[in-house]
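# Structural overview for review
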Amino acid sequence: ALLRQMGNVGEDLPVIMDDIFVNFDEERRRGAVEAVVDLARTRQVIVFTCHEETAALFEQADGGLTRLTLDRC
């Protein structure tokens, strides 16, 4: 919501999120994922997660996303 209120301030910068849904229950996680997918229609959004269920929710919400898997070294 804050990003939308800021208008065009930093509109060319990506939004980066790192496991922000980790403490959400299932219902809130689903709603938050839908809100992030909606935001991604107007801005670049990068979401990091190590939780397969969160990644699956994103894939269900938007089949056009790009998913990258990183291996630990």
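Whatever comes next refers back to the structure up there.
Scoring rules and cut-offs
Residues numbered from 1 in each chain as written. Predicted model: local features only at pLDDT ≥ 70, side-chain atom pairs only at ≥ 80, totals over all residues. Heavy atoms only, no water. Core = buried A, V, L, I, M, F, W, Y, C linked by side-chain atoms within 4.5 Å. Buried < 20%, exposed > 50% of the residue type's maximum accessible area, 1.4 Å probe, protein only. Helix = DSSP H or I, 4+ residues; strand = E, 2+ residues; numbered from the N terminus. Contact = heavy atoms within 4.5 Å. Polar contact = N/O pair within 3.5 Å; in protein donor to acceptor, adjacent residues only side chain to side chain. Axes fitted to C-alpha atoms, helices over the stretch in contact; angles between N-to-C directions. Parallel < 35°, antiparallel > 145°, perpendicular 65-115°, else oblique. Left-handed = near helix turned anticlockwise from the far one by under 90°. Arc of directions from axis to C-beta. Phe/Tyr/Trp six-rings, centres within 6.5 Å; stacked < 30°, edge-to-face > 60°.

Time to look at the nonpolar core. With ten residues, the main nonpolar core is built from Val 15, Met 17, Phe 21, Ala 32, Val 33, Val 36, Val 37, Leu 39, Leu 57 and Phe 58. Of all the secondary-structure elements, those providing two or more residues to this core are strand S1 (15–18), helix H2 (26–39) and helix H3 (52–61). In terms of residues, this core owes the most to one element, H2, which gives five residues. The residues touching Val 37, leaving out its near neighbours within four places in the chain, are Phe 58, Ala 61 and Asp 62.

Glancing now at the environment of Asp 19. Considering the arrangement of structural elements, one finds Asp 19 in the loop between S1 and H2. Those residues in contact with Asp 19 that sit more than four places away from it in its chain are Phe 48, Thr 49, Cys 50 and His 51. A polar atom in the side chain of Asp 19 sits 2.7 Å from the side chain of Thr 49. One polar contact links the side chain of Asp 19 to the main-chain amide nitrogen of Cys 50, over a distance of 3.5 Å.

What follows deals with the packing of H2 against H3. Packing of H2 against H3 brings their axes to within 10 Å, and their N-to-C directions diverge by 50°. Taken together, the axis directions place H2 and H3 in an arrangement best described as oblique. Taken as a pair, H2 and H3 cross one another with a handedness that is right-handed. Contacts between H2 and H3 involve Glu 26, Arg 29, Arg 30, Val 33, Val 36 and Val 37 from the first element and Glu 53, Thr 54, Leu 57, Phe 58, Gln 60 and Ala 61 from the second.

A word on H3. In an α-helix there are 3.6 residues to a turn, and that puts residues three or four apart on one side. Every buried residue of H3 is accounted for by Thr 54, Ala 55, Leu 57 and Phe 58. Looking down the long axis of H3, one finds its buried residues gathered within 155° of arc, a one-sided arrangement. The inward-facing, buried residues of H3 abut H2 and strand S2 (45–48).

Quick look at the packing of aromatic side chains now. Per the counting criterion, the structure on display carries two aromatic pairs. Measuring from ring centre to ring centre gives 5.9 Å for Phe 21 and Phe 58, while their planes differ by 55°; the resulting arrangement is tilted. Here Phe 58 lies in helix H3 and Phe 21 lies in the loop between S1 and H2, a separation of 37 residues in the sequence. By the burial criterion, Phe 21 is buried, and Phe 58 matches it. Put simply, the rings of Phe 21, Phe 24 and Phe 58 pair up and form one aromatic cluster.

Remember that the coordinates give geometry; whether it matters functionally is a separate question.
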